[in-house]
Amino acid sequence: MRIETLKKAGLATLASAGMLALTAGTAFAAAAPKDPLVAGDTAWMITSSALVLMMTIPGLGLFYGGMVRKKNVLATLAQSFGATALITVLWMVIGYSIAFTPNPDAGMNNWIGGFSYLFLAPMKLASVSSLAPTIPESVYMFFQMTFAIITPALIAGALADRMKFSAFLWFMALWLLLVYCPIAHWVWGGGWLGTAGAMDYAGGSVVHLNAGTAALVTCLVLGKRIGLGSENMSPHNLVLSVIGASLLWVGWFGFNAGSALTAGYNAGMAAAATQIATAAAALGWMVAEWIIAKKPSVLGMISGAVAGLVAITPASGFVDPVGALIIGISAGVVCYISAVWVKKAFGYDDSLDAWGVHGVGGALGAIMTGMFAKGAINSVYPKGGWLTDGNFSQMIAQFKDVGAVFVYCAIVTFIILKAIDLVIGLRVSPEVEVEGLDINLHGETVHD
Amino acid sequence: MRIETLKKAGLATLASAGMLALTAGTAFAAAAPKDPLVAGDTAWMITSSALVLMMTIPGLGLFYGGMVRKKNVLATLAQSFGATALITVLWMVIGYSIAFTPNPDAGMNNWIGGFSYLFLAPMKLASVSSLAPTIPESVYMFFQMTFAIITPALIAGALADRMKFSAFLWFMALWLLLVYCPIAHWVWGGGWLGTAGAMDYAGGSVVHLNAGTAALVTCLVLGKRIGLGSENMSPHNLVLSVIGASLLWVGWFGFNAGSALTAGYNAGMAAAATQIATAAAALGWMVAEWIIAKKPSVLGMISGAVAGLVAITPASGFVDPVGALIIGISAGVVCYISAVWVKKAFGYDDSLDAWGVHGVGGALGAIMTGMFAKGAINSVYPKGGWLTDGNFSQMIAQFKDVGAVFVYCAIVTFIILKAIDLVIGLRVSPEVEVEGLDINLHGETVHD
Amino acid sequence: MRIETLKKAGLATLASAGMLALTAGTAFAAAAPKDPLVAGDTAWMITSSALVLMMTIPGLGLFYGGMVRKKNVLATLAQSFGATALITVLWMVIGYSIAFTPNPDAGMNNWIGGFSYLFLAPMKLASVSSLAPTIPESVYMFFQMTFAIITPALIAGALADRMKFSAFLWFMALWLLLVYCPIAHWVWGGGWLGTAGAMDYAGGSVVHLNAGTAALVTCLVLGKRIGLGSENMSPHNLVLSVIGASLLWVGWFGFNAGSALTAGYNAGMAAAATQIATAAAALGWMVAEWIIAKKPSVLGMISGAVAGLVAITPASGFVDPVGALIIGISAGVVCYISAVWVKKAFGYDDSLDAWGVHGVGGALGAIMTGMFAKGAINSVYPKGGWLTDGNFSQMIAQFKDVGAVFVYCAIVTFIILKAIDLVIGLRVSPEVEVEGLDINLHGETVHD
Amino acid sequence: MKLITAIIKPFKLDEVRESLSALGVQGMTVTEVKGYGRQKGHTEIYRGAEYAVSFLPKLKIEVAVKSEMLDAVVDAITSKAKTGQIGDGKIFVTPLEQVVRIRTGETDGDAL
Amino acid sequence: MKLITAIIKPFKLDEVRESLSALGVQGMTVTEVKGYGRQKGHTEIYRGAEYAVSFLPKLKIEVAVKSEMLDAVVDAITSKAKTGQIGDGKIFVTPLEQVVRIRTGETDGDAL
Amino acid sequence: MKLITAIIKPFKLDEVRESLSALGVQGMTVTEVKGYGRQKGHTEIYRGAEYAVSFLPKLKIEVAVKSEMLDAVVDAITSKAKTGQIGDGKIFVTPLEQVVRIRTGETDGDAL
Ligand SMILES: Nc1ncnc2c1ncn2[C@@H]1O[C@H](COP(=O)(O)OP(=O)(O)O)[C@@H](O)[C@H]1O
Ligand SMILES: Nc1ncnc2c1ncn2[C@@H]1O[C@H](COP(=O)(O)OP(=O)(O)O)[C@@H](O)[C@H]1O
Ligand SMILES: Nc1ncnc2c1ncn2[C@@H]1O[C@H](COP(=O)(O)OP(=O)(O)O)[C@@H](O)[C@H]1O
């Protein structure tokens, strides 16, 4: 809508919806039904949504795509892209409704949202959700959608190189509706875990531990890649992975600072904590690897950065810069150990370390949030955490959060995978796996 | 300007122009000549401009560059990049003036803007355009510039692999001034088509149908690529195209939600509609191809997404989520048919489907806007569309819009191309075409 | 923090820190200690910070990475990424304190900031710096951090293909603390150069001349690459460089328009000037090369764009569109000459032209700012520049600025490099240089 | 048996392959190579530095044939790969003592 | 001395290399090639246009051996590279008149 | 005539090419190959997993020469490609029965 046409329509400028944005910042002093919308918050939240979308496409796609063998790079990109398309539609049809709108039955509301927002029917132009009172509900719905997209898409790291594309899409759809939506509701949508006091600013448990747990189950169910251990499976093009990791880093400001839902002090502190923890984790992994394996690999540096981003996710908005620094360093070192040594020891084939980085990093972050949260950083949680403010009870809330997400997710993911395997089969044939997914599943190859 | 220096200069903070931004959000209640600027809107519109620029460089460049053969990838990137540079300067010199400033002669104003803004001379620090009353005119000029850049750049999809770089630059310049600027003025700048009631939120006809029509004419005038049908012309590196399509998708929020020109409800609803339609179109194309060609190609998924972005462009800001869903699915299926089957049937060499996706998708979107626009979504057009609000007359306005843009653009594009061909020649020699444009036109190759 | 949990905590919405953002835009008319925060400014400045981060990762990494030989591409990316991580932590530990907080000793404050902000300890949730009075200090600290990251990272262009990674990291750390922080304090943090009237909007001297000078010294100290002149050292994959240059261009709006520190008229005009100068410089370099070398290379076009971005950096926010146009064209032509002809003539191996583009472009921009600044564009500097407003004294201030930065930087950089060389050695062994840095320093290669 | 190795211009591959198929040749192996010869290379520009690229992209085709097919195959390649421009390439013929088809263990004539 | 040239399926390389090492072969040279033969290629989809890709990725292994090693090496390659599926590849044996080790100037048998 | 095939270290290409030109050799064909031999490869790190890369990048040069040129060319390659380090490569000489220049149809000595 161009303003010119507004005037054409003979309306006073103030009457236009666009103008309400202007009024929003000012109408307090005026009379009448005030418009709750703040233009600055809205600007930031649309930007944040675009940033989080960029994390998945192309960010995550490239991060993973660079790590697989060349014959599978397009199939890996197709997973991120396909998940984005599919989940967007499902979120609009039903996901938002069951995750972020209240269930009329207060008891049920502990477990799942309502069903009245199917196809977003009740969402009008000027609707505002009570969960985000200064921006249009359309923006809040979109912002949450981008979280709902990236969470399942993260799982792709564990199933790389061997899953059917059809099975993958079914898995994304069922997992979104049966795992992500309920858990998002539990923690953020008014459900029992949020009520129980769990602190999860931007998704340490809801997003990362959740996706990581599903990744662990998936790689156990799928089994190892053919040739693991004998064939050279080193990343075919880490340039792509570096681009991906960088875009994840940049986009993550939408994720964490966007979770403030406003453009104010909380967003600023969350952004600062995110940057510090990420850098510290990249250094942590790099130094650990340099000492142990004698060379600082590029893959290690970017993996460390992602581990830092993951671990600070639940804590950003609750911790101060020093807390962020400690969480970051810990995440770099712990995830290095989990992705490299623990995986080797147990022998599961978490191909691109979705569990090792997101699962472990998410759990670590959730627990360290309980240690380092500071009442002075977030006035809504004035009690703070254990080590900072002596509030040990927060640790219990955090462990409960981690445990609940892990157990529920693991069980339901397992059931979903077994069901899909029964009906259409999860894994490609060995010939397809050896020749490559790109040509067999999508009929295309990279001709470089 | 750092604030420190402000203070150095001995000025009260409030006196600084920067501070006016602060005042803007608040001064309503105060007295005196109020400053119309809203900081939140300005933040969003600079962000939007940067996003739309990112659509062209690197977005469109990569989308197209990945689809050509390896010997032409740099030349294809050079087209997007060169067009960006050239059009920026032309827009500043004259384009903005004739497209978006009023012509003193009211009759003439139906057809073309004024000439007083050459070199943007009248644009002062605190100028505000009546077309965007809450942001600096500098920002509005810049935002419109990014539209003026991408529209001609889109045409490159039809002329890939065979046009001289010099001829390409001449074509960009002349087409901008003789086709884009007038049409933008007709619809958005106060000209006859906007007055006649055409609804085109962000450029279904002005941008996409327009570029698509020019693309069709161009590929007919240029003729087919040497080797078409016998040589393998499949995309050399779809990884690049996926990055490009993803950045187009992300950047498009600047395009569509930015077209609200404010950070408010309209922007939010336009963003939501864009996301939903794009995803639906990606799925639409994917499913259609999966059924017909037996495999869902990655190229198909990203082409579908772009088709959805194109088709929702005129409609975003007018339709609700369900309308967006329907438009998206339609765009995916229709553009699949047009890019795959219609092209084959008629035999023109629209190399990268600039017509098949942008032309057809733009026209489809413009017409479906007339069907699914809802009065409740945009108070400026309370009559809405045909199927939603029973306002059939809107369909006529939309067809008029589509027809006018198609006819004018086709004729003038043809004349421009013939003129360039006469003077310097449009097409490279067969030797150059066979050996590759990169090394011959630019003296460089990719050494992978 | 989700608002839901806010309510859970039994707090009135207004009491939440998030809500202060809302209040900020409105509270003027109310009573009580008004909150200085403007949501629109905050939204823009977090966005700007993310954009500037994107300039370094992946922007600069790709720009440089595409220009080196394939065997060194990962090592080149590792430099940008490693610098980002390392500098982030150093900035938080001490950099911000000594650059942007006042030294209690007013005399000392001319030279270096204070030491009370170590680990950002005094920065609370609602702190606001006097240097950026409408946004949280956390955001200002983060924005400045992104400048502190990219400046040293730029130097990598001169040392490509031959420096040890360990030496590189030591160099980044020492240079940040001993060169960048003091100079940033001199110009922007309250030090002597800013007081002396130097105009440097976003870092022509602080960032680009500074990094460029260090680059020149570094390539002289390191010596030439093995094989220079005999081996083919042309860029291995300019697709990467085009992506990098494009992201630099897009991100630069955060750099220049972000330097307004508010989302208002100054930001808008700075954005417009940036776009115009960049495009003009890309055309300037392209045309100069087309005439002299007969072919417009893609590398030339993108180098020209970067030259334009560099040169307009100090001037954006002070010049009008016509001034930007002149600066842009000049930058394109002058940097073409410096990167191509001057380098050849003197024979130093500034591998990727960090001096030729950033040093020369930064100095040129600083001086042309003194010529073309307009009082009407920036009310804080009402005297303007020499050619526009007849204020010749500004030229002297600018030359002083350029000279001081060049001399201080050159000397200290030289000392740092010699010290590192003595202790751990700067350069890799010839075998490593010939076989490639990727496999030797990081244990990885690109398998395309 | 003979091993025929031909260096040709890349865009001639399809024509050559088709003409050999027509002669009854059932297989061939193709390698991307770089050729140096009378045909001049080009220069690449890198910010003023010019690098001479003296090697040009060519394709190497290897075909194992029974001796009696030799002349027909050499003639077919010569006629199809020819543009008459410098750089068209060469054909080399070397003796081939033994051929084995890995799948079946068949040898010599049967293996081709 | 003989030069053994084998065209094999790419994923068989490691097995073949190991079996040759076991026979005492100390070196080999491998090239990525594209093969055309009885094994059908595939088609790539490009917005409805289908391009037949008739060449398939193969590896070419070259091993120079003393004549007395010939049969053992040919047998080892045949058995290790075999999948029994069409497209397993071929082995070609050509006479080798002279070998030089560049590092030492040693020739023939000593150079292998 | 003889076909000389040399496996060399990649960065030695320019020196070798120049010395051959000096001898009057007018053409050659170069292929990127991977070599396995006494020279050890390296390992790549992948999040703790180490993959042994036993094949090293080498270049294969093929030059067809008249028999009387053979020794001079072999000597030139040997001396120019030598670093004295392990992995310098090998030279193989095979008989060449026929050469054709595609552009002109010239054969044998004239075709070189
Ligand atoms: N003596 C040679 N040995 C091996 N390959 C050769 C020889 N001479 C030429 N070639 C190959 O043949 C190609 C064409 O040779 P060139 O001399 O350029 O043209 P023409 O074949 O027309 O004489 C070269 O690029 C090279 O690959
Ligand atoms: N006559 C030939 N000359 C050279 N290479 C051949 C020849 N025939 C087959 N090849 C090579 O051997 C590979 C396998 O041959 P193919 O006919 O597909 O199957 P098979 O070896 O099972 O008979 C081909 O891809 C090609 O590289
Ligand atoms: N028997 C062989 N057959 C074919 N190529 C060989 C053979 N032995 C060595 N090569 C090639 O020569 C290269 C160098 O050999 P290597 O044993 O590493 O060192 P050197 O040449 O110094 O003895 C190898 O990488 C390989 O490409």
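Residues numbered from 1 in each chain as written. Chains lettered and ligands numbered in written order. Predicted model: local features only at pLDDT ≥ 70, side-chain atom pairs only at ≥ 80, totals over all residues. Heavy atoms only, no water.

## Considerations on the site of ligand 1
Under the convention used in this document: Here a residue is near a molecule or strand as soon as one of its heavy atoms is found within 4 Å of it. Think of a polar contact as two N or O atoms within 3.5 Å of one another; within protein, one of them needs to be a possible hydrogen donor and the other a possible acceptor, and neighboring residues in sequence only count if both atoms come from side chains. Each helix corresponds to a stretch of at least 4 residues labelled H or I by DSSP, and each strand to a stretch of at least 2 residues labelled E; elements are numbered beginning at the N terminus. Think of it as three bins: nonpolar holds Ala, Val, Leu, Ile, Met, Phe, Trp, Tyr, Cys and Pro, charged holds Asp, Glu, Lys and Arg, and polar takes everything else, Gly as well.
Taken together, 21 residues surround ligand 1, and among them R38(D), G87(D), T29(F), R101(F) and R103(F) come closest. Neighbouring residues of ligand 1 are not confined to one chain but are distributed across chains D and F. In this structure, A64(F) approaches ligand 1 through a main-chain N or O atom, which is 2.9 Å from a nitrogen atom. Between an oxygen atom of ligand 1 and a side-chain N or O atom of R103(F), the distance comes to 2.7 Å. Those elements that place two or more of their residues in the shell around ligand 1 are β2 (28-36) and β6 (90-95) of chain D together with β2 (28-36) and β5 (56-65) of chain F. A per-element tally of the shell around ligand 1 places β5(F) first, with three residues. Taken together, the residues of the shell around ligand 1 break down into seven nonpolar, seven polar and seven charged.

## A word on the site of ligand 3
Residues in contact with ligand 3 amount to 22 residues; listed here are only the nearest, T29(E), R101(E), R103(E), R38(F) and G87(F). Lying at an intersection of chains, ligand 3 is approached by residues of chains E and F. In this structure, R103(E) approaches ligand 3 through a side-chain N or O atom, which is 2.7 Å from an oxygen atom. The backbone of D88(F) places a nitrogen or oxygen atom 3.5 Å from an oxygen atom of ligand 3.

## Overview of the packing of helix α11 (residues 265-293) of chain C against helix α12 (residues 298-312) of chain C
Residues and elements named next belong to chain C. Worth spelling out the cut-off: Here, axes are lines fitted to C-alpha atoms. For helices the fit covers the stretch in contact, and angles between N-to-C directions go from 0 to 180 degrees. Between 65 and 115 degrees an angle is taken as roughly perpendicular, under 35 as roughly parallel, over 145 as roughly antiparallel, and anywhere else as oblique. Crossing handedness is defined as follows: a turn of the near helix away from the far one that is anticlockwise and smaller than a right angle gives a left-handed crossing, while the clockwise case is right-handed. Residue contacts are defined here by distance: any two heavy atoms, one from each residue, within 4.5 Å place the two residues in contact.
Running from amino to carboxyl end, α11 crosses α12 at an angle of 140 degrees, the nearest separation of the two axes being 7 Å. In terms of orientation, α11 lies oblique with respect to α12. Regarding α11 and α12, the two cross each other, and that crossing is right-handed. Counted together, A273, T274, A277, T278, A281, A282, W285, M286 and E289 of α11 and G300, M301, S303, G304, A305, A307, G308, L309 and I312 of α12 form the full contact between these two elements. Here the residues of the contact of α11 with α12 sort into 11 nonpolar, six polar and one charged.

## What to know about the layout of surface pockets
Unfilled space is identified by rolling a water-sized probe across the atoms. Convention followed: For cavity detection a 1 Å grid was placed over the protein atoms alone, and a set of points counts as a cavity when a 1.4 Å probe fits there but cannot get out; an open set counts as a pocket when protein lies on both sides within 12 Å along at least five of seven lines, with lining residues being those that have an atom within 4 Å of a point. Grid points are joined across faces, edges and corners, and a volume is the space filled by probe spheres set on the points.
Its boundaries defined by the atoms lining it, the second largest pocket holds a volume of some 610 Å³. Q26(E), G27(E), M28(E), R38(F) and K90(F) are, among the 34 residues lining the second largest pocket, the residues nearest its centre. Secondary-structure elements contributing two or more residues to the lining of the second largest pocket are β2 (28-36) and β5 (56-65) of chain E together with β1 (2-8), β2, β5 and β6 (90-95) of chain F. Looking at the lining of the second largest pocket, the element that brings in the most residues is β5(E), giving four residues. A breakdown of the residues in the lining of the second largest pocket according to their chemical character gives 14 nonpolar, 11 polar and nine charged.

## Concerning the interface of chain E and chain F
Keep this limit in mind: Buried area counts how much accessible surface, traced with a 1.4 Å probe, disappears from two parts once they are put together, with both parts' losses summed. Salt bridge, as used here: a side-chain nitrogen of Lys or Arg that lies within 4 Å of a carboxyl oxygen of Asp or Glu. Only strands that DSSP links by at least two bridges are regarded as paired with each other.
Between chain E and chain F, the residue contacts involve 23 residues of the former and 32 residues of the latter. Of the roughly 2400 Å² buried between chain E and chain F, counting both surfaces, carbon and sulfur atoms make up 56%. Linking chain E to chain F there are two salt bridges. Its salt-bridge partner being E62(E), residue K60(F) comes within 2.8 Å of it at the nearest N-O pair. The interface formed by chain E and chain F contains 11 residue pairs in polar contact (both at pLDDT 80 or more). Mapped by element, the contributors of at least two residues to the side of chain E that touches chain F are α1 (13-22), β2, β5 and β7 (98-101) of chain E. Class assignment for the residues of the side of chain E that touches chain F results in 11 nonpolar, six polar and six charged. As judged from the four bridges shared by β7(E) and β6(F), these two strands associate in the antiparallel manner. Residue pairing in the sheet places R101(E) in a bridge with K90(F) of β6(F).

## Here's the deal with the relation of the copies chain B and chain A
The condition is simple: We place the copies in one frame by least squares, fitting the C-alpha atoms of every residue whose pLDDT is at least 70 in both.
Overlaying chain B with chain A gives an RMSD of 0.0 Å, the required rotation being 120 degrees about an axis along which the chain moves by 0.0 Å. What the rotation and shift describe, once combined, is the action of a three-fold rotation axis. The C-alpha atom lying nearest the rotation axis in chain B is that of G40(B); the distance is 2.2 Å.

## Some remarks on the nonpolar core
Which entries qualify depends on this criterion: In these notes, a set of buried Ala, Val, Leu, Ile, Met, Phe, Trp, Tyr and Cys residues joined through side-chain atoms within 4.5 Å is what counts as a nonpolar core. Think of it in three bands: residues with accessible area under 20% of the maximum for their type are buried, residues over 50% are exposed, and the middle band is partly exposed, with areas taken using a 1.4 Å probe on protein chains only.
Core analysis: the largest hydrophobic core is formed by 561 residues, its most contacted members being Y180(A), W91(B), Y180(B) and W91(C). Once residues within four sequence positions are removed from consideration, Y180(B) is found in contact with W91(B), F147(B), A148(B), T151(B), W175(B), W188(B), V206(B), V207(B) and N210(B).

## Some thoughts on the environment of W285(C)
Topologically, W285(C) is positioned in helix α11. Classification of W285(C) as buried rests on a relative accessible area of 0%. Between the alpha carbons of W285(C) and A273(C) there is a distance of 18 Å; along the sequence they are 12 residues apart. In this structure, W285(C) is in contact with G300(C), S303(C), G304(C), G332(C), V333(C), C335(C), Y336(C), A339(C), V357(C) and R47(D), ignoring residues within four places of it in sequence.

## With respect to the packing of aromatic side chains
To keep things clear, this is the line we draw: Stacked, tilted and edge-to-face are the three classes assigned to paired rings of Phe, Tyr and Trp, where Trp is represented by its six-membered ring and a pair needs centres within 6.5 Å; plane angles under 30 degrees give stacked, over 60 edge-to-face, the rest tilted.
Taken as a whole, this structure holds 74 aromatic pairs over all chains when the rule is applied. On the basis of an interplanar angle of 70 degrees and a centroid distance of 5.5 Å, the ring pair of F81(A) and W249(B) is categorised as edge-to-face. In this pair, F81(A) is assigned in helix α4 (residues 73-100) and W249(B) in helix α10 (residues 238-256), connecting two distinct chains. Using a relative accessible area of 1% as the deciding quantity, one classes F81(A) as buried.

## Topic: the relation of the copies chain E and chain F
In screw terms, the move from chain E to chain F is a rotation of 120 degrees and a rise of 0.0 Å along the axis, fitting with an RMSD of 0.0 Å. When the interface residues of chain E are mapped onto chain F, a mere 13% of them are again interface residues, pointing to distinct binding faces.

## Some points on the interface of chain B and chain A
When the parts of a complex come together, some accessible area is lost, and that lost area is often taken as the interface size. Each side of the interface is counted separately: chain B has 79 residues, and chain A has 77 residues. Interface area lost by chain B to chain A is led by V239(B), Y265(B) and V380(B), which between them contribute 13%. At the boundary of chain B with chain A, the tally comes to zero salt bridges. Between the two partners, chain B and chain A, sit 11 residue pairs in polar contact (both at pLDDT 80 or more). Those elements giving two or more residues to the side of chain B that touches chain A turn out to be α3 (39-65), α5 (137-154), α10, α11 (265-293), α12 (298-312) and α13 (321-346) of chain B.

## Remarks on the pattern of salt bridges
In total, this model carries 36 salt bridges over all chains according to the counting rule given. Taking the shortest distance from any N to any O, the salt bridge between K374(A) and D320(A) comes out at 2.7 Å. Placement of K374(A) in the loop between α14 (354-372) and α15 (386-389) and of D320(A) in the loop between α12 (298-312) and α13 (321-346) is noted, with a sequence separation of 54 residues between them. Accessibility expressed as a relative area gives 28% for K374(A), which makes it partly exposed. Among the salt bridges present, the one from R225(B) reaches D349(B), with a minimum N-O distance of 2.9 Å.

## Quick notes on the arrangement of the chains
A gap remains between chain A and chain D, which never touch, and the nearest two C-alpha atoms on either side lie 12 Å apart. The smallest C-alpha distance separating chain B from chain F is 12 Å, and no contact links them.

## Remarks on the confidence of the model for chain A
Definition in use: pLDDT: the predictor's confidence for each residue, scored from 0 to 100.
Counting all residues, the mean pLDDT for chain A is 92, and 93% of those residues have values of 70 or more. Under a pLDDT of 50 for its full length, residues 1-30 of chain A has, in the predicted model, 78 contacts with residues more than four places off or in other chains.

## Observations concerning a nonpolar patch on the surface
Residue and element names in this part refer to chain A. As a reminder, the rule being used: Grouping into patches uses exposed residues only, defined as over 30% relative accessible area, and leaves out salt-bridged ones; the cut-off is 9 Å for like charges and 5 Å for nonpolar side chains (Val, Leu, Ile, Met, Phe, Trp, Tyr). Values of accessible area rely on a 1.4 Å probe in the Shrake-Rupley scheme; residue burial ignores everything except the protein chains shown.
Taken together, the side chains of V287, I291, I292, I329, V333, I337, W341, V342 and F346 define a hydrophobic patch exposed on the protein surface, amounting to about 810 Å² of accessible area. Contributions of two or more residues to the nonpolar patch are made by α11 (265-293) and α13. No other element matches α13, which puts six residues into the nonpolar patch. Relative to the elements of secondary structure, F346 occurs in helix α13.

## Observations regarding empty space enclosed by the protein
With the rule as written, the count across this model stands at 15 cavities of 30 Å³ or more. When its volume is computed, the largest cavity comes out at roughly 270 Å³. Along its surface, the largest cavity is lined by 26 residues, and N237(A), N237(B), D448(B), N237(C) and D448(C) are the ones closest to its centre. Broken down by secondary-structure element, the contributors of at least two residues to the lining of the largest cavity are α10 (238-256) of chain A, α10 of chain B together with α10 (238-256) of chain C. Taken together, the residues of the lining of the largest cavity sort by class into 14 nonpolar, six polar and six charged.

## Focus: unusual backbone geometry
Following I57(B), the chain continues to P58(B) via a peptide bond in cis, the omega torsion being 5 degrees. With respect to the element layout, P58(B) can be found in helix α3. For F119(A), which is not glycine, the phi dihedral falls at a positive 55 degrees. Although it is not a glycine, L261(C) adopts a positive phi angle of roughly 65 degrees. Note on placement: L261(C) falls in the loop between α10 and α11. L261(C) sits in the buried class, given a relative accessible area of 1%.

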